[in-house]
Amino acid sequence: MLMAMPVSAQSDKMVPIAVPAQSGAIELGTGKLPGATAPEAWHSQYGSVFTRNVTVATLTPFLPDPAKSTGTAVIVAPGGGFRTLSMQNEGGDVARALAAKGVAAFVLKYRLNPTPVAMPAFERSMSEMFSPGARPPRPQPDAMIAGLAPQIADARAAFALVRQRSGEWHVDPSRIGMIGFSAGAMLTMATTVAGGDAKPAFIGNIYGPLATMTVPADAPPMFVALAADDPFFGNGGFGLIESWRAAKRPVEFHLFEQGGHGFGMYPKPTTSTGWFDSFTRWMAMHDLLKPAR
């Protein structure tokens, strides 16, 4: 839900870049974010690429080689505190790795809260947001979900689009899951409990908040990964895991000793780097990497 933490302090400068072509992106038809006037902007940081002031949601497919296709699909929701999106480290890099496993992956560029147009003002706003004592207590899950109506609508539209074009994309409509990082993990949970007809078949919560929540009776299998030294969620308890267990729903939880927040696909010298292999092994355990019969 928050900005990815740097791999090294040397690369933490935000550098504006041109808006990429995004030729494969498909508009989701959820409309323009009401009242938003700032143009979409992109920047590089931490050796990765981010976007902000997203007012029109899109979905970008990353399809596997048809010979390797499993029929499973995953909606990928990057993080960034609902103010920016980590489009490479928590988006395209994840999607490409899934496609290499035979999984059709779709990066969701969901609508974001507006930020200042000028980079210096944006940098100041982010520094203030993450300064000690600046963060208010996190809302309870129900209150949090109530504030994510546009983003949930974007996620629902993404699921609808993948199901609509499932034949073209060689996707089994009953095997579409969702994985999210930080704010994207929050959106994944919100989509699971309040997304209506989205109904993810399985979910991944990667360094998102783990507060206790009401679990739907048909809650999907859930994979969770978090670093114990995560400065935002490492000391908040594991109520979400207990909620899933109490509801007798499948859950797998990896608590890495080190990794910080926002490790995503960055090659770090910590065991958190192994989360993706663990996630795909978990998918295989649930027969999600076998072609549907």
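Attention in this report is confined to the structure presented alongside it. (Residues numbered from 1 in each chain as written. Predicted model: local features only at pLDDT ≥ 70, side-chain atom pairs only at ≥ 80, totals over all residues. Heavy atoms only, no water.)

**A look at the overall build of the chain**
Part 1: Across its full length, the chain holds eight helices and 12 strands.
Part 2: For the chain, whose C-alpha radius of gyration is 18 Å, the value lies close to the compact-globule estimate of 19 Å for 293 residues.
Part 3: Principal-axis analysis of the C-alpha atoms gives the chain an extent of 55 × 40 × 35 Å.
Part 4: Scored against the burial criterion, the 293 residues of the chain give a buried share of 54%.
Part 5: Summarising the internal contacts of the chain: among those between residues at least 6 apart in sequence, 78% fall at separations of at least 24. (Helix = DSSP H or I, 4+ residues; strand = E, 2+ residues; numbered from the N terminus. Rg over C-alpha atoms; globule rule 2.2 N^0.38 Å. Buried < 20%, exposed > 50% of the residue type's maximum accessible area, 1.4 Å probe, protein only. Contact = heavy atoms within 4.5 Å.)

**Notes on the sheet that holds strand β6 (residues 73-77)**
Part 1: Judged by pairing direction, the sheet is mixed, and its eight strands sit side by side in the order β2-β5-β8-β6-β9-β10-β11-β12 without closing on themselves. Taken across any chain shown, the strands that pair with only one partner, and hence form the sheet edges, are β2 (26-32) and β12 (251-256). For this sheet the average axis-to-axis angle between neighbouring strands, irrespective of direction, equals 15 degrees.
Part 2: Here three bridges tie β2 to strand β5 (residues 56-62), and the two strands are oriented antiparallel to one another. Pairing of K32 across the sheet is with V56, part of β5.
Part 3: Strands β2, β5, β6, β8 (104-109) and β9 (176-181) of the sheet are contacted by helix α4 (residues 149-164), whose axis makes an angle of about 145 degrees with β2.
Part 4: Along the sheet, helix α7 (residues 239-246) makes contact with β10 (203-206), β11 (222-227) and β12, crossing β12 at roughly 160 degrees. (Pairing = 2+ DSSP bridges. Axes fitted to C-alpha atoms, helices over the stretch in contact; angles between N-to-C directions.)

**Looking at the packing of helix α1 (residues 88-100) against helix α8 (residues 275-285)**
Part 1: In the contact formed by α1 and α8, the axes pass within 12 Å of each other and the chain directions differ by 45 degrees. With respect to each other, α1 and α8 are oriented oblique. Taken as a pair, α1 and α8 cross one another with a handedness that is right-handed. Across from V94, A97 and L98 in α1, the residues of α8 making contact are F276, F279 and M283.
Part 2: The class makeup of the residues in the contact of α1 with α8 is six nonpolar, no polar and no charged. (Parallel < 35°, antiparallel > 145°, perpendicular 65-115°, else oblique. Left-handed = near helix turned anticlockwise from the far one by under 90°. Nonpolar A, V, L, I, M, F, W, Y, C, P; charged D, E, K, R; others polar.)

**Details of the pattern of salt bridges**
Part 1: Using the criterion set out here, one finds eight salt bridges in the structure.
Part 2: Taking the shortest distance from any N to any O, the salt bridge between K13 and E123 comes out at 3.6 Å. A residue pair is termed long-range when its members are at least 10 positions apart, and K13 in the segment before β1 (15-17) and E123 in helix α2 (residues 119-129) qualify at 110 residues.
Part 3: In this structure, the salt-bridge partner of D93 is R96, at a minimum N-O distance of 3.1 Å. With D93 and R96 both in helix α1 and three residues apart, this pair spans about one turn of that helix.
Part 4: The class for D93 is partly exposed, based on a relative accessible area of 25%. (Salt bridge = Lys/Arg side-chain N within 4 Å of Asp/Glu carboxyl O.)

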